[in-house]
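Listed here are the chains, written in short residue letters.
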Amino acid sequence: MKQSNFGNVVALAGGVGGAKLAYGLYQIVPPENLTIIVNTGDDFEHLGLHISPDLDTVMYTLAGVANPATGWGVKDESWNMMAALARYGQPTWFQLGDRDLATHLLRTKWLREKYPYNWVTRELCQRLGVRCTVLPMSEAMVRTMLMTDQGELAFQEYFVQQQCRPVVRSIRFAGAEQAQPSREVASALRNADVIIFCPSNPLLSLDPILALPNMRRIIAASRVPKIAVSPIVGGAALKGPAAKLMAELGQDVSPLGVARHLQDVLTGFVLDHVDQAYQEAVSELGLRSLVTGTVMLNDEDRVRLAREVLAFAAG
Ligand code: FO1
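> How do you make sense of the nonpolar core when you look at a structure like this?
Nonpolar side chains tend toward joint burial in soluble globular proteins. Membership of the largest hydrophobic core comes to 49 residues, with the highest contact counts inside it found for Leu-12, Leu-189, Phe-197, Ile-219 and Phe-269. When residues in this core are grouped by element, the largest group, 5 residues, is from helix H8 (residues 202–210). When sequence neighbours within four positions are dropped, the list of residues in contact with Ile-219 reads Leu-12, Leu-189, Ile-195, Phe-197, Leu-210, Lys-226 and Val-265. Ranked by size, the runner-up nonpolar core spans 45 residues in total, among them Val-29, Ala-66, Tyr-117 and Met-296.

> Just to check I follow, could you spell out the site of the ligand for this structure?
Around the ligand, 15 residues are found, and the nearest of them are Asp-42, Asp-54, Asp-56, Gln-95 and Gln-156. For the ligand, an oxygen atom lies 3.0 Å from a polar atom in the side chain of Asp-56. Separating a nitrogen atom of the ligand from a side-chain N or O atom of Trp-72 is a distance of 3.3 Å. Burial of the ligand by the protein amounts to 91% of the accessible area it has alone, namely 530 Å². Listing elements by their share of the shell around the ligand, those giving two or more residues are helix H2 (53–63) and helix H6 (155–161). A per-element tally of the shell around the ligand places H6 first, with 4 residues. Its residues assigned to classes, the shell around the ligand shows 8 nonpolar, 3 polar and 4 charged.

> Sorry if this is basic, but what is going on with the packing of helix H4 (residues 98–112) against helix H5 (residues 117–128) here?
In a packed pair of helices, the relevant descriptors are the angle between the two axes and the axis-to-axis distance. Interaxial distance between H4 and H5 falls to 10 Å at its minimum, and their mutual angle equals 145 degrees. Considering the relative orientation of H4 and H5, their crossing is right-handed. Between H4, through Thr-103, Leu-106, Arg-107, Trp-110 and Leu-111, and H5, the contact on the second element is made entirely by Tyr-117, Trp-119, Val-120, Glu-123, Leu-124 and Arg-127. Across the contact of H4 with H5, the residue classes tally to 7 nonpolar, 1 polar and 3 charged.

> How do you make sense of the pairing of strand S14 (residues 288–292) when you look at a structure like this?
Each regular strand shows side chains that alternate between the opposite faces of the sheet. The sheet contact formed by strand S13 (residues 268–272) and S14 spans 5 bridges and is parallel. Along S14, the bridge assignment pairs Val-270 with Leu-290. Between S13 and its parallel partner S14, the chain crosses via helix H12 (residues 279–284), and the hand of that crossover is right-handed.

> It is not clear to me how the sheet that holds strand S8 (residues 168–174) should be interpreted in this structure. Could you clarify?
Across a sheet, paired strands are connected by hydrogen bonds in the backbone, their directions being either parallel or antiparallel. Across the sheet, 3 strands lie side by side as S7-S6-S8; this open sheet has antiparallel pairing. At either end of the open sheet lies a strand with only one pairing partner, and these are strand S7 (151–154) and S8. Along the sheet, successive strands turn relative to each other by an average axial angle of 25 degrees, direction set aside. Inspection of the sheet shows strand S6 (residues 143–148) paired to S7 by 4 bridges, in the antiparallel sense. Bridge pairing in S7 places Thr-148 opposite Gly-151. Across the sheet, H8 touches S6 and S8, and the angle it forms with S8 is around 25 degrees.

> Just to check I follow, could you spell out the side chain of Lys-226 for this structure?
With respect to the helices and strands, Lys-226 occurs in strand S10 (residues 226–229). It turns out Lys-226 is buried and unbridged, and the closest side chain with the opposite charge, Asp-264, is 9.3 Å from it. If we skip the residues at most four places from it in the chain, Lys-226 touches Ile-195, Phe-197, Ile-219, Ala-220, Val-265, Leu-266, Thr-267 and Gly-268.

> What is the right way to read the sheet that holds strand S5 (residues 133–136) from this model?
Spatial strand order, S5-S2-S1-S9-S10-S13-S14: 7 strands in an open sheet with parallel pairing. Single-partner strands in this sheet number two, and they are S5 and S14. Averaged over all adjacent pairs, the angle separating strand axes in this sheet is 20 degrees, with direction ignored. Here strand S9 (residues 194–197) runs beside S10; their pairing, made up of 3 bridges, is parallel. Its bridge partner lying in S10, Ile-196 is registered against Ile-227. The strands touched by helix H7 (residues 183–190) within the sheet are strand S1 (9–13), strand S2 (34–38), S5 and S9, with S5 carrying the most contacts at an inclination of about 125 degrees.

Rules of the game
- Residues numbered from 1 in each chain as written.
- Predicted model: local features only at pLDDT ≥ 70, side-chain atom pairs only at ≥ 80, totals over all residues.
- Heavy atoms only, no water.
- Core = buried A, V, L, I, M, F, W, Y, C linked by side-chain atoms within 4.5 Å.
- Buried < 20%, exposed > 50% of the residue type's maximum accessible area, 1.4 Å probe, protein only.
- Helix = DSSP H or I, 4+ residues; strand = E, 2+ residues; numbered from the N terminus.
- Contact = heavy atoms within 4.5 Å.
- Near = heavy atom within 4 Å.
- Polar contact = N/O pair within 3.5 Å; in protein donor to acceptor, adjacent residues only side chain to side chain.
- Areas by Shrake-Rupley, 256 points an atom, 1.4 Å probe, with all protein chains shown as cover.
- Nonpolar A, V, L, I, M, F, W, Y, C, P; charged D, E, K, R; others polar.
- Axes fitted to C-alpha atoms, helices over the stretch in contact; angles between N-to-C directions.
- Left-handed = near helix turned anticlockwise from the far one by under 90°.
- Pairing = 2+ DSSP bridges.
- Right-handed = clockwise from strand over helix to strand, strands pointing away.
- Lys, Arg positive; Asp, Glu negative; His and termini not counted.
- Salt bridge = Lys/Arg side-chain N within 4 Å of Asp/Glu carboxyl O.

Below, the structure written as structure tokens:
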């Protein structure tokens, strides 16, 4: 049964890791009280289509249609379009399944027709049966760019094409300074009773959201519990390149490194049992802390962790 005693829950999320906790929250918080603000720094144009990987991943996960093997894309997918594309000798490094393609076609069409990004996202979600609010972090286009030992790469070139192999020297969010959190994003944060930072890559998924003008200020000014769940467990990232990237950028690859990175926008921090030794140091940053099982291997884990995080926030 969904409980309404949490008030308005706002979660900040990137792709696969963030979507898992978002799913847990979606199972226990009434949809009218849940808003997920999603990173769009990974967005890019590919084959003339506007692809928004993190919005897709969150939307598909909440709708129960995500590919369980990859975390991204749609389950029971077929790949006829990719095979046809390969026959034309076109690059196939970015895999677009036949069902997934419908999302990109529709999103691109609506964006070209000048419908707001929020509206487009709401329509896609509603048609997939997702009942909570999913918001792109901004109406404006922000692009995560990585300066590497092989020159500057756009996010998907680094992440998918080069499989995160290049050594990263710095990260910038092109367009972030001219962008703004949308009115809906700002209003969700101002009306939040709790703000959850999902276990997403702090440098690639949460930082683009926090890089928007006023975003850090709006969150820092909020007097509600602001809780992050560490995406680093036992010195490794649960998924993706977070650990490699943190090491390359000289950060401590531990929950403490994550807590330090997000310290100014948090009141509390959740870390895994295996990282219990860091609890004291996290507390010394002035953050409340909870040690629990943070690895989400199945739907029960997602719901349990969501429940524990909200109970911790309330306490
Ligand atoms: N990730 C991959 O590793 N390989 C792919 O071919 C790929 C295709 C893809 C298509 C649509 C989509 O929404 C996501 C896709 N992703 C793919 C995932 C995505 O690029 C990354 O997981 C995120 O950007 C990181 O959060």
